[in-house]
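# Observations on chain architecture
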Amino acid sequence: MIKGCQSECTAGGCSGETAKHMTESFKASDLIITPATTFKEKPDPSGLVFGTVFTDNMLTIEWSLASGWEKPYIKPLENLSLHPASSSLHYAVELFEGMKAYRGVDGKIRLFRPTLNMDRMARSARRATLPCFDQNELLECIRKLVEVEKEWVPYSTAASLYIRPTLIGTEPSLGVKKPTRALLYVILSPVGPYFASGSFNPISLWADPKYVRAWKGGTGDCKLGGNYGSSIYAQQEALELGCQQVLWLYGEDHQITEVGTMNLFLYWINEDGENELATPPLDGIILPGVTRQSILDLARNWGEFKVSERYITMSDLTAALEENRVKEMFGAGTACIVCPISKILYKGKHLHIPTMENGPQLTTRFLNKLSDIQYGREDSDWAMLVS
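Presented here is an overview of the structure given in this document. Computed from a prediction, not measured in an experiment: that's the story for all the values here. (Residues numbered from 1 in each chain as written. Predicted model: local features only at pLDDT ≥ 70, side-chain atom pairs only at ≥ 80, totals over all residues. Heavy atoms only, no water.)

Relative to the assigned elements, Met-356 resides in the loop between strand E18 (349-352) and helix H9 (361-374). Taking the relative accessible area as the measure of exposure, Met-356 reaches 28% and is therefore partly exposed. Once the C-alpha coordinates of Met-356 and Lys-327 are considered, the two residues, 29 residues apart in sequence, prove to be 9.0 Å apart. Leave out the neighbours within four places in its chain, and Met-356 touches Phe-200, Pro-202 and Pro-340. (Helix = DSSP H or I, 4+ residues; strand = E, 2+ residues; numbered from the N terminus. Buried < 20%, exposed > 50% of the residue type's maximum accessible area, 1.4 Å probe, protein only. Contact = heavy atoms within 4.5 Å.)

And the structure:
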């Protein structure tokens, strides 16, 4: 059985008559490679602005209801040619993933837990009524693309090659419906250190319930572009108020959900006097981040403190701050691994979060552990070798 397709497509991605096309999927063994013959100069990783420089080649795979998946191609990076009525342009029928390739201290190139990205991409495709695919075949196509572009993986343990798999509806119709045409493509972009100074810079957050990132029954647990585009307005307001990111709240009780585009963690002494690492549960409004899952897995394996997926409200947080029970608070995601939080603007007041005063010991420990795996300083089955 093809992973992520035959048994799962009925949730929206493919069903009935179309299933015979979907279950065929594309095959990495059919990959046609016609790489670029002219090459761009590789940039200095320390001066990179995220997502502005791209490698010489890309992966493309076309799909149609009539023919199913076409053969995958690795070819020179080029602009897309889309009908102006394409459903991705009008109705945001599209999704993406974010992952990285790392050049280790041993010179080998690794991906970090890429099967989790493939799982999430398949779930997003079902929710967006886009075609299913065999996750293992796509991962092998991505591995081949990174292999072709291996010289673009920075020779640095402070930089990496960002991988952006994307699936868009190319239905040439203004009807609001499940698309009969789609395009899956992958582009690569070298990225430098998230913190320009090379050290931990804590961020400040703006928490205001008037904007909501996601809601029950919505698409907050999928990596759909519409979730991100609609967040920019609130992000601009946060910047105008002197904060760097939005702390997204939900519900009448102002539940803490995510921070910017990251998952959120709180390390504190909870209401029962226990040391606890807490993060909001995956209840449909939280994106199941790969870094989030990795932090939970590490912490549970350490067994040194309580690890909980639980609801945390702003009143829980403010009470804990007043009682000096908060130790560290941080965001977690592919871009930064972990990002310490030092201040929250809420109801006109600045709440000081003592993350940096506490080391930040736990935040730094997660950063070091995960980066050691990513850059090959520590062996782990979480790392998949590319070459």
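We now examine the layout of surface pockets. A water-sized probe, rolled over the atoms, reveals where empty space remains. Volume-wise, the largest pocket comes out at about 1,000 Å³. Around the largest pocket, the lining is made up of 43 residues, and of these Phe-50, Tyr-194, Thr-261, Met-262 and Ala-335 lie nearest the centre. Within the residue set of the lining of the largest pocket, elements represented by two or more residues are strand E8 (160-169), helix H5 (225-229), helix H6 (232-240), strand E11 (245-250), strand E12 (255-259), strand E13 (262-269), helix H7 (290-302) and strand E16 (326-333). Looking at which element gives the most residues to the lining of the largest pocket, the answer is H7, with three residues. Of the residues assigned to the lining of the largest pocket, the class counts are 22 nonpolar, 15 polar and six charged. (1 Å grid on protein atoms, 1.4 Å probe; cavity = no way out; pocket = protein on both sides within 12 Å on 5 of 7 lines; lining within 4 Å. Points joined across faces, edges and corners; volume = space filled by probe spheres on them. Nonpolar A, V, L, I, M, F, W, Y, C, P; charged D, E, K, R; others polar.)

Quick look at the pairing of strand E15 (residues 306-309) now. Alignment of strand E14 (residues 275-279) against E15, held across four bridges, turns out to be parallel. Counted as the bridge partner of Leu-277 is Val-307 from E15. Remark: the E14/H7/E15 crossover connection has right-handed handedness. (Pairing = 2+ DSSP bridges. Right-handed = clockwise from strand over helix to strand, strands pointing away.)

Formed by 39 residues in total, the largest nonpolar core has its most connected members in Leu-59, Phe-133, Leu-138, Ile-163, Leu-167 and Leu-184. At the level of elements, strand E2 (57-64), strand E6 (99-103), strand E7 (109-112), helix H3 (114-127), helix H4 (135-148), E8 and strand E9 (181-191) are the ones that each hand at least two residues to this core. The biggest single contributor to this core is H4, with six residues. Not counting residues within four places of it along the chain, the set of residues in contact with Ile-163 comprises Glu-97, Gly-98, Met-99, Lys-100, Ala-101, Leu-111, Ile-142, Val-146, Val-186, Ile-187 and Leu-188. (Core = buried A, V, L, I, M, F, W, Y, C linked by side-chain atoms within 4.5 Å.)

Let us look at the packing of H7 against H9. One way to put it is that H7 packs onto H9 with a least axis distance of 11 Å and a crossing angle of 105 degrees. When the interaxial angle is binned, H7 and H9 end up roughly perpendicular. From H7, Thr-291, Ser-294, Ile-295, Leu-298, Ala-299 and Trp-302 reach across to H9, where they touch Leu-362, Arg-365, Phe-366, Lys-369 and Leu-370. Class assignment for the residues of the contact of H7 with H9 results in seven nonpolar, two polar and two charged. (Axes fitted to C-alpha atoms, helices over the stretch in contact; angles between N-to-C directions. Parallel < 35°, antiparallel > 145°, perpendicular 65-115°, else oblique.)

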